[in-house]
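Per-entry structural report
Here's the letter readout for the chains.
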Amino acid sequence: MSETDRHGRPAPLRFSWRRVAWGELAVITALAAAALNYLIEARGVSLNPGNLLLLQPTIWLALALWAVLAWGCLRPPPAAAPPESWTDFGRTAAMVLAFVLFILVLEEVGYDIAIWGFVVVALFIGGERRWPWLLLFPPVFTWAVVEAFGWLIPYPFPTSIV
Amino acid sequence: MLKNKTGVSRRLLLGAAGAATLAAPATLRAQAYPSRPISLLVPFATGGYNDRLARAFAPFLSRQLGQPVTVVNRPGGGGMLGHTFALQQPMDGYTLMITSAGPYIPLTILTRNARFAVEDFWMVNLPSRDSTLMATSRDKPFQSVTDVLDALKRDPRSLVVGVQPASADLVNLTLLFRAHDIDVSRVRTVTYDGGGPARNATAGGVIDVGFVGGEGFLPLADRIRPLLTFSDERAEGFPDTPTIMEHAQQAGFQGEYLDGSQRGLVIPTRLKDEQPAIYARILEATEAATKDPECVSTLQGQQLATRWYGPEASNRAYLEGASLMQRFADILRGGA
Amino acid sequence: MIDLAAAGSAIAMLAGNPQAWIWMIPGLVIGLVFGALPGISGSMALALVLPATLYMDFLPAIIFLTSVFTGAGFGGSVPAVLMGIPGTSAAVATTFDGYPMSRQGRHNEALGAALIASCIGVMLSYAVLFVLVQPLAEVVLRMGPFEMAAIGIWGLVLLGSIGSSSLAKGLFAAAIGVLFGTVGMNTAGYIRGDMGVSWLLDGVPTIPAMVGLLAASQLFALVNTRFIVANEEDRKISLPRILAGGASVLRRPVTVLRGALIGAGIGAVPGVGASIANLISYGEARRSDPEPESFGQGNVKGVMAAEAANSSSEGGSMATMLALGIPGGGATAILLAAFAMHNVIGGPRFMDENRDVVYAIIMSNFAQAVLLVVVGTAFVFVASSVVRMPLRYLIPCVLVISTMGAFAIEGSHAGPLTLCVFAVLGWLMARNGYPVAAIVVGLLLGKLIETEMLRAWQMAGGEWGEFLNHPAALVIGALMAVSLIWSAWRDWRRARARRVAASAAS
């Protein structure tokens, strides 16, 4: 999420906190930290090459690449595409959040209620405002999915109503 | 992760009627048992020995119990996920298991910190006993177990040996090599994460000698040369192959071995203790199904074991195997 | 190598057995529908219909099951093209170019090409099987860890930096993918990275992770879009355009033939086959193409290469099953179980004694491939209607179905949880310009490479000189080196030619 030069001139080489690609930096740093943690844990299990043969070199490679990429995040090239609007980002983030919540409550409230709830919320986030559709589509879809998969899957999945 | 899924949420939201059935006295439920379909849990993937046994046996068990019996696979973690799952089901007799109780239950306890005990499982009948088979490809020059051992004594690094890590096969390999003063740590040992890959590598000559459960070798029998069976009696499929006991006597050492897979019908011990009536019904049905002549011929046609040993003999064999494993825990935990 | 007498009696057997024919179309349809649901794999479909075959005769039962297998092989490609979600791991490479084609409104052509490439792949692989069933199985059985490791590394080299603007980003994503592939217990029995979660002992559940990574980067990125295909005109489902896509396959015989051979060869390797054959075939098509940059942007050749390989893997995996009784994967394991239910044990003896039955199975697969052209076209015609569905409906529906598929394949909440974690990861990575496809490739190949490298190291007893004793691995390594040097040289020459042309123009 770097700022672009409005006149399309090459960006000044001076470092600026505002130009740092914070989002990207956070993602790769988290992944690199997880990789490092993985290495420490794996070395704790055994130092035998039977354990570390591929793992250790791959993690070293990932950490080296992290250094290269992190340096790139500190001085990102001017973005080519216009940055996405906050409304658009908000809608996407809301969808991601809704999905995560849906997965987390699946087992607690039952698959049927969770699916119905997620579909209603996701339709709303997607821009559906016609209430007959919001009222009718989710239960019908939920019923169809639960019936179809109940027939397909040999083991039971927890449902509350259907 | 594997908490009882049909439980809490359902009970909270179900009406009073549902709750009443769930709370019905045990005796009432026992009289009705079985009143709905029964799941036959297989803690291994489709297509393996346990799966084939379960699918072949299910119709005959169903005939005895008067309810459909469906096979459910729940593989993972060397049987650990399925075994844990079985213990977490309600003790109502609607979840039975066909599994390799030995060696997988003691094995996962010893090497993977499984959160159950050997005694948590009760063997109804274990018809299938599989032993480790030491085998080589037909293309290899070794004609007998002595050829292999001589080569290894001259130079432990001269041959490549294949085995599954943390398995009964590994214990048998180690005991045999130790008896002949071969330094196991110097032998080039390739590890396989399954019996299938290890057998394929043996048959294809990728490795020089393989130590794997013998029954799985039957379809490949034309391509391998069996060298040694780790049991006290010769294996049905390989009647000309000497046993470790015969070999030990010849070579002049005390023969020791660990049984391979012991497979059959298993239930949680709690079910037997808490619901004696249901247990009696399961026992009777399993015995009748196992002895059903049609079942015997069907299973034999598919090269599956069918023999009635009963709970007493089955549990004795299972517990014996488990305590032997305990004795060799250092080899099992040692990795490869 | 063809036993003519047995071939004759196989024809007689098929001709005199109408039961063998009536199950083909239902089998294909069942396979297509199941294969198209993300997470429901061909082997699940087979397990579901297995009980129904108990009461059929042996030959109709096996033909019915192989029809389901054939149908499922192509079914997985339909969501891969239309939504970028592979129905099975064998359809991963299909998404690389198939989905961009859909976004450009060329889904008709992509599906047509995928269908015809699949049918040709099935036919070619069974043709190979018909002639070479025994030798193919022999070769596969002799593949040791050195050879397999070489193949895995080849795949990673070809595709490691796929779909990314920068080499560092591509490699970072691939390395993360490889690390995910190593979680759990490895082949030497060491357990790491499982974080105390018991279901991670067997590794990260591959299919939910893959669906999560790919579905998320596509679906979440589409929240602010109204339709998959932007142009309303292109949303039409057009039979002529599907057929035109199919016809384009016939003009690229080399791409399809190479894909089919790679599929039949690598697909025959028990255990790993189909899921890496399509990646290698795609990678080879990209590497040897005069315009490798056009791959990943909607190049129909990418779809063909992937589809030819994943469908010909079916014939390959049948080779080890028929000739040796070794199941190559879940689907062939169920076929073997079906054999057993009819008291037939696959393997060398079965091959020798029942050559006519084996030929009948192979021939019926030719017929299936031909029927698949018709049934598949009809199926594609119906399935394409999803591009007409507004995304605000499509996104929740596909996410829910993927979740249920993830539950179905794992049998527990582990599936949906994995799906969710990788969905969020995929979304974050894709937003920041990291290629999600490279993580998937790393995930699929990481486990294979670790397993085989480890075994190679064990076999060598720690001395890498042992590598020199494995000529097949050396040949694969040399081919890899030659092909890479050749394409580097070609790129360099092209760049120089461009420079010369530019300076001449100015």
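Residues numbered from 1 in each chain as written. Chains lettered and ligands numbered in written order. Predicted model: local features only at pLDDT ≥ 70, side-chain atom pairs only at ≥ 80, totals over all residues. Heavy atoms only, no water.

**Considering the overall build of chain C**
Rules: Comment: elements are numbered from the N terminus, with helices defined as DSSP H or I runs of at least four residues and strands as E runs of at least two. Each radius of gyration is computed over the set of C-alpha atoms, and the globule rule expresses the reference value as 2.2 Å times the number of residues to the power 0.38. Two residues form a contact once any of their heavy atoms are found within 4.5 Å. Note on areas: these come from Shrake-Rupley sampling with a 1.4 Å probe, and a residue is covered only by the protein chains present in the view.
Of regular secondary structure, chain C possesses 22 helices and two strands. The C-alpha radius of gyration computed for chain C amounts to 22 Å, which stays within 12% of the reference 23 Å derived for 506 residues, consistent with globular compactness. A sequence separation of at least 24 residues applies to 80% of the contacts in chain C between residues at least 6 apart. For chain C, the accessible area works out to roughly 16300 Å², and carbon and sulfur atoms hold 67% of it.

**Some remarks on the domain arrangement of chain A**
Note: interface size is frequently given as the accessible area lost on complex formation between the parts. Short version of the rule: Where each domain starts and ends comes from a domain assignment, either automatic or drawn from a database.
Domain boundaries in chain A define domain 1 (17–74) and domain 2 (86–152). Averaged C-alpha coordinates put domain 1 of chain A and domain 2 of chain A at centres separated by 36 Å.

**Side note on the interface of chain A and chain C**
For clarity, the cut-off: Buried area, as used here, totals the accessible surface that two parts lose on assembly, with accessibility defined by a 1.4 Å probe and the loss added over both. Salt bridges are counted wherever a side-chain nitrogen of Lys or Arg sits within 4 Å of a carboxyl oxygen of Asp or Glu. Side-chain atoms alone can form a polar contact between residues adjacent in sequence; in general such a contact is a pair of N or O atoms within 3.5 Å, and within protein one must be able to donate a hydrogen while the other accepts it.
Counting residues at the interface gives 63 residues for chain A and 59 residues for chain C. Buried area between chain A and chain C, summed over both chains or domains, comes out near 5500 Å², and the portion from carbon and sulfur atoms is 78%. Where chain A packs against chain C, one counts two salt bridges. Two residues, R392 of chain C and E128 of chain A, come together in a salt bridge whose shortest N-O distance is 3.0 Å. Our enumeration of links across chain A and chain C arrives at 13 residue pairs in polar contact (both at pLDDT 80 or more). In terms of residue count, the dominant contributor to the side of chain A that touches chain C is helix α4 (residues 86–109) of chain A (14 residues).

**So, a nonpolar patch on the surface**
Worth spelling out the cut-off: Here the term patch refers to residues with relative accessible area over 30% and no salt bridge, with like charges joined within 9 Å and nonpolar side chains (Val, Leu, Ile, Met, Phe, Trp, Tyr) within 5 Å.
Together, L97, L101, L104 and V105 of chain A make up a nonpolar patch on the protein surface, roughly 360 Å² of accessible area in all. Structurally, V105 of chain A can be placed in helix α4.

**Some words on the packing of helix α9 (residues 145–159) of chain C against helix α21 (residues 436–460) of chain C**
All names here are of chain C. Basically, it comes down to this: The angle between two axes is taken between their N-to-C directions and runs from 0 to 180 degrees, where each axis is a line fitted to C-alpha atoms and a helix contributes only its stretch in contact. By convention the crossing between two helices is left-handed if the near helix lies anticlockwise of the far one by an angle smaller than a right angle, and right-handed if it lies clockwise.
Direction vectors running N to C along α9 and α21 enclose 145°, while the axes themselves pass 8 Å from each other. The hand of the α9/α21 crossing is left-handed. Seen from α9, the contacting residues are P145, F146, M148, A149, G152, I153, G155, L156 and L159; seen from α21, they are V441, G442, L445, L448, I449, E452, M453, R455, A456, M459 and A460.

**Re the sheet that holds strand β4 (residues 121–129) of chain B**
All names here are of chain B. Condition: Two strands are counted as paired when DSSP detects at least two bridges linking them.
Taken together, the five strands give an open sheet; going across it, the order is β2-β1-β3-β10-β4, and neighbouring strands pair in mixed fashion. The strands lining the two open edges of the sheet, one partner per strand, are β2 (69–73) and β4. This sheet shows a mean twist of 25° between the axes of neighbouring strands, independent of strand direction. Where strand β1 (residues 38–42) meets strand β3 (residues 95–100), three bridges bridge the pair, whose relative direction is parallel. Bridge assignment links L41 to a residue of β3, and that residue is M97. Contacting β3, β4 and β10 (262–268), helix α6 (residues 101–112) runs over the sheet at an angle of about 95° to β3.

**Topic: the pairing of β3 of chain B**
Residue and element names in this part refer to chain B. This is how the line gets drawn: Buried, partly exposed and exposed residues are distinguished by accessible area as a fraction of the type maximum, computed with a 1.4 Å probe on protein chains only: under 20%, between the cut-offs, and over 50%, respectively.
Among the six residues in β3, six count as buried, and that is most of the element. Burial along β3 is two-sided: T95, M97 and T99 and L96, I98 and S100, pointing in opposite directions, are all buried. Pairing geometry for β3 and β10, over four bridges, is antiparallel. Across the sheet, residue T99 finds its bridge partner in β10, namely G264.

**Notes on the pattern of salt bridges**
Within this structure, the stated rule accounts for 27 salt bridges over all chains. The residue D292 of chain B makes a salt bridge to R63 of chain B at a minimum N-O spacing of 3.2 Å. Of this pair, D292 of chain B sits in the loop between α12 (276–291) and α13 (293–301) while R63 of chain B sits in helix α4 (residues 49–65), and the two are 229 residues apart along the sequence. The buried category is assigned to D292 of chain B, whose relative accessible area is 12%. Put simply, R142 of chain C and E138 of chain C hold a salt bridge, and the shortest N to O gap is 3.6 Å. Residue classification places R142 of chain C among the partly exposed residues on the basis of a relative accessible area of 41%. Judged by its relative accessible area of 19%, E138 of chain C is buried. Several salt bridges converge on common partners, so that one network encompasses D139 and R223 of chain B together with E138 and R142 of chain C.

**Describing the sheet that holds strand β5 (residues 132–137) of chain B**
For sheets, the rule is that strands pair by backbone hydrogen bonds, running either parallel or antiparallel. Residue and element names in this part refer to chain B. Spatial strand order, β7-β6-β8-β5-β9: five strands in an open sheet with mixed pairing. At either margin of the open sheet sits one strand with a lone partner, and together these are β7 (188–191) and β9 (224–229). Averaged over all neighbouring strand pairs, the angle between strand axes comes to 30°, with direction disregarded. Across four bridges, strand β6 (residues 160–163) lies against β7 in parallel orientation. From the neighbouring strand, V163 faces β7, where its bridge partner is T191. Set on the sheet, helix α7 (residues 145–154) makes contact with β5, β8 (209–213) and β9; between it and β9 the angle comes to about 85°. Helix-sheet contacts for helix α8 (residues 168–179) involve β5, β6, β8 and β9, and the interaxial angle to β8 is about 135°.

**Considerations on the packing of aromatic side chains**
Rules: Aromatic contacts are taken between Phe, Tyr and Trp rings whose centres are within 6.5 Å, Trp giving its six-membered ring; a plane angle under 30 degrees counts as stacked, one over 60 as edge-to-face, and the others as tilted. Think of it as a cone above the ring: NZ of Lys or CZ of Arg counts as a charge over the ring if it is within 6 Å of the ring centre and within 35 degrees of the ring normal.
For the structure on display, the rule yields 23 aromatic pairs over all chains. Here the aromatic rings of W86 of chain A and F89 of chain A are separated by 5.9 Å at their centres, their planes lie at 90°, and the arrangement is edge-to-face. Remark: F89 of chain A and W86 of chain A occur in helix α4; sequence separation between them is three residues, near one turn of the helix. Judged by its relative accessible area of 69%, W86 of chain A falls in the exposed class. Judged by its relative accessible area of 24%, F89 of chain A falls in the partly exposed class. When the centroid spacing of 5.3 Å and the interplanar angle of 85° are considered together, the rings of F116 of chain B and F121 of chain B count as edge-to-face. No difference in accessibility class separates F116 of chain B from F121 of chain B, as the two residues are buried. Connected via pairs of aromatic rings, a cluster forms that spans F99, F102 and F118 of chain A together with F220 of chain C. Taking the ring centre of F124 of chain A as reference, the NZ or CZ of R129 of chain A above it sits at 3.9 Å.

**Examining unusual backbone geometry**
Residue and element names in this part refer to chain B. Residues Y33 and P34 are joined by a peptide bond in cis, for which omega reads -10°. Relative to the helices and strands, P34 resides in the loop between α3 (26–32) and β1. The linkage connecting G102 with the following residue, P103, adopts the cis geometry, with an omega of 0°. Even without being a glycine, N113 presents a positive backbone phi close to 55°. The topology assignment puts N113 in the loop between α6 and β4. Phi at A166 is positive, roughly 50°, even though this residue is not glycine. Counting through the fold element by element, A166 comes out in the loop between β6 and α8.

**Some details on the confidence of the model for chain A**
For clarity, the cut-off: One number per residue, pLDDT, summarises how confident the predictor is, and it ranges from 0 to 100.
With 85% of its residues at a pLDDT of 70 or more, chain A shows a mean pLDDT of 86. Scored below 50 in pLDDT, residues 1–5 of chain A makes 12 contacts in the model with residues more than four places away or belonging to other chains.

**A closer look at the packing of α4 of chain B against α13 of chain B**
All names here are of chain B. Going by this rule: Angles below 35 degrees are treated as roughly parallel, those above 145 as roughly antiparallel, those between 65 and 115 as roughly perpendicular, and all remaining angles as oblique. Under the convention adopted here, Pro, Cys and the residues Ala, Val, Leu, Ile, Met, Phe, Trp and Tyr are nonpolar, Asp, Glu, Lys and Arg are charged, and Gly plus all remaining residues are polar.
The contact between α4 and α13 brings their axes to 10 Å, and the two run at 170°. Put simply, α4 runs roughly antiparallel to α13. For the pair formed by α4 and α13, the contact residues are L53, A56, F57, F60 and R63 on the first element and E294, C295, T298 and L299 on the second. A per-class count over the contact of α4 with α13 returns six nonpolar, one polar and two charged.

**Regarding helix α1 (residues 22–45) of chain A**
For clarity, the cut-off: Expected span of a helix, by definition, is 1.5 Å for each gap between consecutive residues, and there is one gap fewer than residues.
In this model, α1 of chain A (24 residues) spans 34 Å end to end at C-alpha, consistent with the 34 Å of a helix rising 1.5 Å per residue. Those residues of α1 of chain A that sit buried are E24, L25, V27, I28, L31, A32, A35, Y38, L39 and A42 of chain A.

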